[in-house]
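Residue strings, one per chain:
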Amino acid sequence: SSVVSICCDKESRQLGFDVVAAVARSCNGNDGYLMLVSRISKIIDSAAPYLRHRWGHNGGNDEGHTRSLRNSSKYSGLRNQGCTCYMNSVLQQLFMMPGLRKELCAAPIPACLRTSGGGMFVKGNELVGKKISLQWDSGVSYDAIVEGFDEKTSMHTIRYCALQIATVGGSNHQQVQPDDIAKIPPEMPDEFFLSEGRPGKETGVFEVVRDGEAAESGEKSGEAKTGDNSKCGIKETADEAASRHLLEECQRTFIHLDEGSRGRCFDPRALVEACSCLKLEFDVWQQNDASEFAMKFLDRLEISLKRWAPSNFKYLEQTFGLKQTKQKVCKECGLKTNREENLMSIDCQIRGKSDIHEALSTMCDVEFMEGDNKVFCDRCKKNTDTVLRTAISALPDMLILSLKRFDLDYNTFETVKLNSRCAFGQTLNMKQYTLEGVEALEQSSTDDKAGPSPMDTGEDGVDAAGNDALSAIPDDDYEYKLAGVLVHAGVAQGGHYYSFIRDRLPGADAESDKWYRFDDEDVTPFDPSSIEVECFGGKVKKETKWPNGQVHTVESEQFANALMLFYEKVKPIDRSDVPNDSKTSTEEKETDEPMDEKTEKTSGYDVFEPDVRRSNATHRWQTFLFDTEFQSFLKGLLGLCLLAKSENERMDLSAAAPSSAASSAGESQKPWRSPVVQMLLSFVFDILLYSAEKTSLDYWVSKLSSAMTIDIEIARSFVTLLATKTEEASPNWLRTYLADCPEQDSRVAAVRIFCAAVKSCASDEDEQTSLNGWCQAWKEQISTQSPGAYLGAMPTKLQGAFSSYEDVNAISKGSEATALGVIISFITALLEVAPRTWRYNAELCLFIRELSSVDKELGGNVLHEAMVKTQIPARLICLVLRERAPAALKASFPGASVSVDAIDTQIRSETNTSSHLLPISGNQVMNASDLNSRGSQIGTPVPSDYLTLFEALGCLLRIVGVKQADLLENPSSQRARQNLTLTPSVANALSTVFQESCSSPIGMSQHDIEAYLQRVGLDSSTVPPQKIVDILAKYPTAEGSNEMDGSNYLSREGFLAYYRDTAHSSDSRVRLDLHLFGFRPDLSRRPSDSRIISSGGRESFLHSAESVAFDIDQQIKESGSTSLGRLADLGLSTFQLFHFAYSTSEVLAEHILAATAIEQDTTHLLVSTLKALYCAPSGWNGNETFHAASMVLKVLAAIPDSRQQERISMIMQCNEKAVAHADHGAGLLMATKAAYGNRSTDYHSTDYHFSFERYLEVIKDLLKLKEVASWMTKHRSLWSWLERDLINMEEIPPQQVRGDIPARREGDNIPTATVDPLHSDSEMPCINDSEDDDDDDSRYDEKDTSDFRDGKVIVRGAGLAVVDGVYHPAGTFDRVGKYMREGVWKDRKETFSLFRCHVSDNTKRWYISIVPKNVQPGTNTDIDFYSAPVVEEQSQYPPSKGWTKAGEGADPPPIVEWTRLQQTQQDDIGDHGNQSWSVKRGEVVDDDGNPTDGSSGDRIYI
């Protein structure tokens, strides 16, 4: 039962802890602190096992939860599973019947048949080595082997067996085969209480799988199989087994409610599952009729009680069993014939009845059978006039009246609820409805008449004479008192059930008449005087007084009303033959069992009371440990430990802080600070991180990290403890917080403390020496097992002769065993099972990242060497590539490289994780959506899941600045996204960008903004001036200082606000913009010589790929190259790895690729990239591959090493075929020429057009790199056929050439067909968002546009002659060609455009118009001349006829002809940095874009 703390309020608890602290300080020799540590450690050790696997606990406090609720009610509630209030309300009514509760809980069941309570047949160590089948919340049972048992905690260690899979014969699609499953390493063992299971996983129900008995998938282990039990020889049908299991779960629920700590609610999920055998109208998880459930539930309990506990069954029968007699009375001879029927409730028809007496009278109505309806009389031997009547012949101790509020509407034939008023009293006399009462009334009626005629039943009711007749019968056996009301609130189709119940516990004050409202989790006091308002039903009037004094009255139905009434007999049935103590021992009960007398039986108390007592003690300690005042007390101890004598003094925690008393006495001081810190670490990892309240988590992490940074002995002790715990399952902190914990805040906090301890420990020279020896052991082990090659699975720990280096029992100074080595080996084990726990891999990779970035002076070299020797880089690569990894990696790391499909077959479906017992936090009523989540947890990792993995890989490569800095922070304690602001480092970086982009000290002008947007990959075609004006209107600006200058300037604050909003919606956009301005992922800046290049006295920005390559090259020259091992190098040479890296972070991908490729043979990577580019699907599904391949080629071509020219040549002229049937090489020039030729011969195939455009864009991007441009100049003959397609026509304004091609970042310009949805500029807020919808559907036309610039349009014969002429291609709009020509209109030189666009009637038309500069076509600002409807057969080309006058046009309309160009005059080279060159064919230019004679010394661009 519950124990209430003496200090039950915040102030008293705080004072109590102050007293404890004062006493500890006053003890001599620091004994007080040591005793305090010992006591608190014991409390933590006792509570920790029951917290494991149960995350998000709410600690009790004065403001809510446990303490306050425990004072308001002495009863516990039941958790609603979503729609199970109907069940909870009935169970709570039954639970509040003390005698019934004790009898049900004391009912004995054979121990060998029990499936609840931890498996009473085999316990403890007896289960070790056996196979068991555990039932999960999902209803499926899974097999596992029991590997161990902890006597101290009573927890079992199990290892689940691999799940068997089925294959479909004859299927053509690729399937996971049993051989694939066999290659997967076994799961790590799990440790938990078998009798309770883990939230969202096991239910606590299990059974031992006998020899030769296979546990069928999906079978509920709680249902015993029909047949003979080999252990106890008991035969049991499936129906009997289901009934027995229902009784067990009922016992479990009632005992937990009865003896569990108050203020908690019990989760009856197992009982709900067991109720599936009741065969209710709807599934048990859906809402059902409470009265139907009550009757079927009691009927099922009878089945098991009859067999196993006859005396308990008799009690149940006497409690609810009533007998109803249907009587026939012959009116001629008076013969009475009775037919008795056993019932458990009385159904009361309430339609048209005002109170319960009228409803009961209906049951006793008399029916006369006369005329043709005469009934045969056994005495008269003929059909006679007969009276039929019904009465109660035996009354139970608990009378249940079921009010029939759900009825059929014969007009609509739908079930409706009757909300009419039906009154009932606190007392009820059933005398007039019993057979004795009816016969007494009959006798009284007979005596009042002269003749001895048989019974004459009238309809006068009970008159004065009848009352006299009834009064002659004593009332004691007929008087009932109201004990409970079950209420339904709602309509027939749905609602909510709850109960009002009178307290009848022995010792309760009967005169006080105390009632409670049981509403699922909530149990609150209730005033019985409100029963009429809450339960009678009917109509209620509500008055509303208006300001003018009038009163408006509205009458409405009361939807909450009584459905079931529970009346308790004032004088219960005499049970002198039943033992008084319902908690009778098993031996006494066995005498009641005529069968199986030698079978061991256990009651519910025997099975569940130990669990309840343990749970109560644990709950009390958990409440204490989660208490805010206790945590404040511990913070005080931590602060005391961190005190140092001076700012620069290293704290010696092993030395005591002498008290004045001890010093004066000259007593020796005992070390106390180190034990205190160790106790506090246990508190954080075993208690605090399981709490839902994490406001103080940063304080704990920072202070504990400081303690271990300051004192290496603290760090060494903690690291040793971590290493020791790797030998265990559940207490293993590394596994818990790197693989199992679902709370991200807890995982990150744990990793921070782990890293602080390991870094501090690694700085010790002794530890470095031990770790060096451990590295050598790893090297020798690998060379011994697989000399010269990697064959078979790579080990995850030192074995055999080398195992002494990881002997956790021998870790100490001077020993060859090293705790750091044990931890790193355990990381490799976690990586092997990481595909199973991929949701939590981010923190595992974060741990690796932090260890990889330790400074060399602090032991970083030896930590890096340790991770390389254990093949951690190669394991990380396998974790990304999975089944796409090279064969050698898959053979070496079968666990890390298992495919997503294969691992999905081994994932067990979990439900919502919620604690078995939790404090009540409110009333979850009527179908709470979060309480019945039963979905699968299976999923597939997305690119963002690999972010920390690639950061770790970058740190292992020793890349400077590869750890991504946070962009946003929350300066307040509220976790609202709108409160997030830019971090100081981001604000400083963006301020630098702002200063470099301003041409005025005032701020960024509109011209500056346009130039800036072009720099980051946007131009005026995608960002018209109006949208720039919108930016200036939305964000803070500064006015020009000159009176003549009335324009606004975007201020620094406005610039930062713009990027704050951008970071909210597109984190990658901000990072890419900073990347273009030379900032690394951690926001440090690359050197200026890696960002800017000078040529001819002018400075220009290097391409981002060149800048990264130059930066990485300089880093390697300064610190040397880093080798990650042969297996890792093999993985780093695959295109798929960088494909994943690009999808995760383009910036990280460029850095890792550059660090990998410098001075390395990249032939395999280049060839695989070119092949992937060639085989990339056309359309949007190939865009990611296209962009990733383009990135790889640009970085490889930009690396300034001795192999650069070799790589560029291979990129352009690789002779290796992309596919076996190809007749050309995979080099860009070869593949482009093949696509060009196919396009010319097969005009109707869009795939060839698409491939050609893709290759063309890649070449254009590469031309922006200076070395590639130089190579192209030297090898002009190889691509002379491509000149026409690389030219930009001189007369067409540049901003219109790219009219509707969404601008990309520098180097990423692609045709419209290949816009990358992941990296598109449309993600930027305030740029592409506008009130005007700029042709949203234009991107989705199916026709490719790559051939439109091969043609021109001739317009002739127009009534307005100025529109006649040749229109040349000028990009695309609405996914078709757009054409332009220069002309004169109203004495002004204008550009005439011919284009297609949407119109207001949702159709498309062609127009000949003048479009204002920097405005998209198709708006009201156009000056229209002629228009024509789109011809369906050739919608991509302007029609020849059908043109009509529009706007300024004049009849007759023109004739339009589209014709293919024969020869182009000018070519487009592209741009280099921020410079663009437009040159005529054969013309030579220098670096500044000026014409030159091409002599040596000038750079020649085509």
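Residues numbered from 1 in each chain as written. Predicted model: local features only at pLDDT ≥ 70, side-chain atom pairs only at ≥ 80, totals over all residues. Heavy atoms only, no water.

1. Description of unusual backbone geometry
What is expected of a backbone is that most residues other than glycine have negative phi and most peptide bonds are trans. The criterion, for reference: Going along the chain from the N terminus, every DSSP run of H or I of four or more residues is numbered as a helix, and every run of E of two or more is numbered as a strand.
Here the amide bond leading from Asp1451 into Pro1452 is cis, since omega sits at 0 degrees, within 30 degrees of zero. Tracing the backbone through its elements, the reader meets Pro1452 in the loop between β43 (1444–1445) and β44 (1455–1460). The backbone of Lys279 shows a phi angle near 55 degrees, a positive value even though the residue is not glycine. By the secondary structure assignment, Lys279 is in the loop between α8 (269–274) and α9 (290–308).

2. Focus: the packing of helix α19 (residues 673–686) against helix α23 (residues 744–762)
Rule in force here: In this description, a line fitted to the C-alpha atoms serves as the axis of each element, helices being fitted only across the stretch in contact, and the angle between N-to-C directions of two axes falls anywhere from 0 to 180 degrees. An angle below 35 degrees is read as roughly parallel, one above 145 as roughly antiparallel, one from 65 to 115 as roughly perpendicular, and any other as oblique. By definition, residues are in contact when any of their heavy atoms lie within 4.5 Å. Residues are sorted three ways: Asp, Glu, Lys and Arg are charged, Ala, Val, Leu, Ile, Met, Phe, Trp, Tyr, Cys and Pro are nonpolar, and all the rest, Gly among them, are polar.
α23 packs onto α19 with a crossing angle of 150 degrees between their chain directions and a minimal axis gap of 11 Å. One way to sum up the angle between α19 and α23 is to call them roughly antiparallel. Packed against α19, whose contacting residues are Leu681, Val684 and Phe685, the element α23 presents Ala750, Ile753 and Phe754 at the interface. Looking at the contact of α19 with α23, its residues break down into 6 nonpolar, no polar and no charged.

3. Remarks on α23
Residues separated by three or four positions in an α-helix point in the same direction, a consequence of the helix having 3.6 residues per turn. Note the cut-off: By this rule, a helix spans an expected 1.5 Å times one less than how many residues it contains. We call a residue buried when its accessible area falls under 20% of the maximum for its residue type, exposed when it is over 50%, and partly exposed in between, using a 1.4 Å probe and counting protein chains only.
With 19 residues, α23 should cover 27 Å at 1.5 Å per step; its first-to-last C-alpha distance of 27 Å lies within 8% of that length. Among the 19 residues of α23, 14 are classified as buried, and the element is accordingly described as predominantly covered.

4. Observations concerning the sheet that holds strand β11 (residues 322–330)
Operational definition: Strands are labelled as partners when DSSP assigns at least two bridges between them.
Taken in spatial order, the 4 strands line up as β12-β11-β17-β14 in an open sheet, and their pairing is antiparallel. Only two strands of the sheet have a single partner each, and these edge strands are β12 (336–343) and β14 (367–369). Geometrically, the sheet is characterised by an average inter-axis angle of 25 degrees between neighbouring strands, direction not taken into account. Inspection of the sheet shows β11 paired to strand β17 (residues 386–394) by 8 bridges, in the antiparallel sense. The residue bridging Gln324 from the neighbouring strand is Ile392, located in β17.

5. Remarks on the environment of Ala290
When you line up the elements, Ala290 lands in helix α9. Sequence separation between Ala290 and Ser89 is 201 residues; the distance between their C-alpha atoms is 7.8 Å. With residues near it in sequence (within four places) discarded, Ala290 still touches Tyr86, Ser89, Val90, Leu486, Tyr497, Leu563 and Met564.

6. Regarding the confidence of the model for the chain
We apply this condition: Each residue gets a pLDDT score, which is the predictor's confidence in that residue and runs from 0 to 100.
Taken as a whole, the chain shows an average pLDDT of 78; of its residues, 78% reach a score of 70 or greater. Scored below 50 in pLDDT, residues 214–231 makes 47 contacts in the model with residues more than four places away or belonging to other chains. Note that residues 1463–1502 has pLDDT below 50 and, in this model, 95 contacts with residues that lie over four places away or in other chains.

7. Details of the pairing of strand β19 (residues 406–409)
Examined bridge by bridge, β19 and strand β20 (residues 414–417) share 4 bridges and lie antiparallel to one another. Within β20, the residue paired with Asp409 across the bridge is Glu414. Joining the antiparallel neighbours β19 and β20 is a turn of 4 residues, in which Phe413 adopts a positive phi near 55 degrees.

8. Brief notes about the sheet that holds strand β38 (residues 1365–1373)
Within a sheet, neighbouring strands are paired by backbone hydrogen bonds and run either parallel or antiparallel to one another. Sheet architecture is open: 8 strands sit in the order β43-β42-β41-β40-β39-β38-β37-β44, paired in antiparallel fashion. In this open sheet, the two strands that pair with only one neighbour each are β43 and β44. Relative to β43, strand β42 (residues 1423–1429) is paired through 2 bridges, and the arrangement is antiparallel. Bridging from a neighbouring strand, Ser1427 pairs with Thr1444 of β43.

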